[in-house]
Amino acid sequence: MLGLHTNSAAPPAEALRAELSRAFTDFHTCHYGSLAVRLPRLIHAAHERAAGEGTVEHSRLLAHSYLLATRMLIKLDESQLGWMAADRARRSAEAAEQPLLVAEAARQLAVLARKAGWHDQAMSLVLVAADDPGLRGGAPALFVQRGLLIQSAAYTAAKSGDVDAMRELTGEAAAIARELGGKILLRDHGGGFSPTTVQLHLISAENSAGDLSAALAAAKVVVPQSLPSTERRARYYTDIATALGRWGRRDECVRALLAAEHQAPEETHARPAVKSLVSGLLVSGRTTAELRGLAARVGALT
């Protein structure tokens, strides 16, 4: 992103597409060590190729690459770089004239705004994008992207304390997902969209709204194996752990965190949110060998 790589001959577009596919696989399987090497090289190579040819295809590759970078930076709470990546994704998507990618860039910008506490701006970003005429075509992917935006609006409503709006918007997103007949589409946009992924987001939303029993009830409906990726399954167990930790159910919380770690060690060890949760457990009650071991692995021991 910062242009610090040494100059080298850029590979052809076909090779860049293959590398982008591998980068998405790294993300979905939570192989972040590999992604940390692959993605910066891909961004650099795509810029080199775009500078030489400047085609719509290269703008599309850059948009996808920067969207993936944004998602990873959000996970790591690196918001300043996240804003940079999301803005570059937006500009590349506009250059490629891809409404789907423009809408996804808006969704990622809204996530960053929400994390900054700018709930009104986050809500405006996703709802304006959802109403864009570019998403009104007949292609299923456009319909799905609108569902992802509405789902994001639901989570923003939860963060702002508007539980009624959160549940209404979640219902709207779920209705869109049901119309797809249970298929998982746009797997590379936020982990995909289906009735199960909407339910996964509901767990997070209920957690954010402070209704821990509702969050756990929502979790019971989800079959983890039906989630579209390792990354989403790890998120499922982490969300359960968050609810249990806030409820004071320490042993169950640790078991959920260990389940998340079993699914995706690099995801669990990398996320500051997990480290914070484990640090809270260390200082709020008795510790066990399991908790101390987990704390060491996530870097929560000082």
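Before reading on, note that the structure itself is shown above.
1. Remarks on the side chain of arginine 250
- For arginine 250, the location among the structural elements is in helix H12 (residues 250-263).
- The side chain of arginine 250 sits in the buried core without any salt bridge; aspartate 251 is the nearest counter-charge, 5.7 Å away.
- Polar side-chain contacts of arginine 250 include one of 2.7 Å to the side chain of serine 284.
- Not counting the four nearest positions on each side in its chain, arginine 250 is found in contact with Leu281, Ser284, Gly285, Arg286, Thr287 and Leu291.

2. Side note on the layout of surface pockets
- Computed from the structure, the largest pocket encloses a volume of approximately 910 Å³.
- The wall of the largest pocket is formed by 31 residues, among which Ile74, Lys115, Tyr155, Arg235 and Arg271 lie closest to the centre.
- Counting residues per element, the ones that place at least two in the lining of the largest pocket are helix H3 (56-75), helix H5 (99-115), helix H7 (140-159), helix H9 (195-209), helix H11 (230-247) and helix H14 (272-284).
- When residues of the lining of the largest pocket are assigned to their parent elements, the largest contribution, seven residues, is made by H11.

3. Description of the environment of alanine 15
- Inspection of the secondary structure puts alanine 15 in helix H1 (residues 13-28).
- Judged by relative accessible area, which is 35%, alanine 15 ranks as partly exposed.
- Sequence spacing of alanine 15 and leucine 42 is 27 residues, and the spatial spacing of their C-alpha atoms is 10.0 Å.

4. So, the nonpolar core
- One finds Phe193, Ile203, Tyr236, Leu257 and Val278 to be the most contacted residues of the largest nonpolar core, which totals 63 residues.
- Looking at which element gives the most residues to this core, the answer is H7, with ten residues.

5. Focus on the packing of aromatic side chains
- With the rule as written, the count across this model stands at three aromatic pairs.
- Geometrically, the ring pair formed by phenylalanine 27 and tyrosine 32 is tilted, given 6.1 Å between the ring centres and 45 degrees between the ring planes. The pair formed by phenylalanine 27 and tyrosine 32 is uniform in burial state, with each residue classed as buried.
- The positively charged end of arginine 249 is found above the aromatic ring belonging to tryptophan 247, 5.0 Å away from the centroid.

6. Quick look at H5
- The terminal C-alpha atoms of H5 lie 24 Å apart, and with 17 residues this matches the ideal 24 Å at 1.5 Å per residue to within 8%.
- By the criterion of burial, H5 is predominantly enclosed, with 14 of the 17 residues buried.
- Taken from the residues just after H5, glycine 117 is the one with a positive phi, measuring 85 degrees.

7. Focus on the environment of leucine 212
- The topology assignment puts leucine 212 in helix H10 (residues 212-221).
- The class of leucine 212 is buried, set by a relative accessible area of 16%.

8. Things to note about the packing of H5 against H7
- It is the contact of H5 with H7, at a shortest axis distance of 10 Å, that shows an interaxial angle of 10 degrees. In terms of orientation, H5 lies roughly parallel with respect to H7. Of the residues in H7, those in contact with Leu100, Ala103, Glu104, Arg107 and Arg114 of H5 are Ala141, Leu142, Gln145, Leu148, Leu149, Ser152, Tyr155, Thr156 and Lys159.
- Class assignment of the residues belonging to the contact of H5 with H7 gives a composition of seven nonpolar, three polar and four charged.

9. What to know about the pattern of salt bridges
- Counting across every chain of the model gives 22 salt bridges.
- Notably, a salt bridge pairs lysine 75 with glutamate 267, separated by 2.9 Å at the nearest N-O pair. Taken together, the residues lysine 75 in helix H3 and glutamate 267 in helix H13 (residues 265-270) connect sequence positions 192 residues apart. Taken individually, lysine 75 and glutamate 267 each receive the classification buried, so the pair is uniform in this respect.
- Measuring nitrogen to oxygen at the nearest pair gives 3.1 Å for the salt bridge that ties lysine 115 to aspartate 77. Here the residue lysine 115 occupies a position in helix H5, and aspartate 77 occupies one in the loop between H3 and helix H4 (79-96), the gap between them amounting to 38 residues.
- Take lysine 115: its relative accessible area is 41%, and that puts it in the partly exposed class.

10. Here we look at the state of the cysteines
- The full count for this structure, using the stated rule, is zero disulfides.
- As a non-bridged cysteine, cysteine 30 has cysteine 253 as the owner of its nearest cysteine sulfur, 19 Å distant.
- Residue class for cysteine 30 comes out buried when judged on its relative accessible area of 2%.

11. So, the packing of H7 against helix H8 (residues 163-179)
- Running from amino to carboxyl end, H7 crosses H8 at an angle of 160 degrees, the nearest separation of the two axes being 8 Å. Relative to H8, the element H7 lies roughly antiparallel. Considering the relative orientation of H7 and H8, their crossing is left-handed. Taking contact as the criterion, the partners of Phe143, Arg146, Gly147, Ile150, Gln151, Ala153, Ala154, Ala157 and Ala158 in H7 are, on H8, Ala165, Met166, Leu169, Thr170, Glu172, Ala173, Ile176 and Glu179.
- A class-by-class count of the residues in the contact of H7 with H8 yields eleven nonpolar, three polar and three charged.

Thresholds, definitions, all that
- Residues numbered from 1 in each chain as written.
- Predicted model: local features only at pLDDT ≥ 70, side-chain atom pairs only at ≥ 80, totals over all residues.
- Heavy atoms only, no water.
- Helix = DSSP H or I, 4+ residues; strand = E, 2+ residues; numbered from the N terminus.
- Buried < 20%, exposed > 50% of the residue type's maximum accessible area, 1.4 Å probe, protein only.
- Lys, Arg positive; Asp, Glu negative; His and termini not counted.
- Salt bridge = Lys/Arg side-chain N within 4 Å of Asp/Glu carboxyl O.
- Polar contact = N/O pair within 3.5 Å; in protein donor to acceptor, adjacent residues only side chain to side chain.
- Contact = heavy atoms within 4.5 Å.
- 1 Å grid on protein atoms, 1.4 Å probe; cavity = no way out; pocket = protein on both sides within 12 Å on 5 of 7 lines; lining within 4 Å.
- Points joined across faces, edges and corners; volume = space filled by probe spheres on them.
- Core = buried A, V, L, I, M, F, W, Y, C linked by side-chain atoms within 4.5 Å.
- Phe/Tyr/Trp six-rings, centres within 6.5 Å; stacked < 30°, edge-to-face > 60°.
- Lys NZ or Arg CZ within 6 Å of the ring centre and 35° of its normal.
- Expected span 1.5 Å × (residues − 1).
- Axes fitted to C-alpha atoms, helices over the stretch in contact; angles between N-to-C directions.
- Parallel < 35°, antiparallel > 145°, perpendicular 65-115°, else oblique.
- Nonpolar A, V, L, I, M, F, W, Y, C, P; charged D, E, K, R; others polar.
- Disulfide = S-S within 2.5 Å.
- Left-handed = near helix turned anticlockwise from the far one by under 90°.

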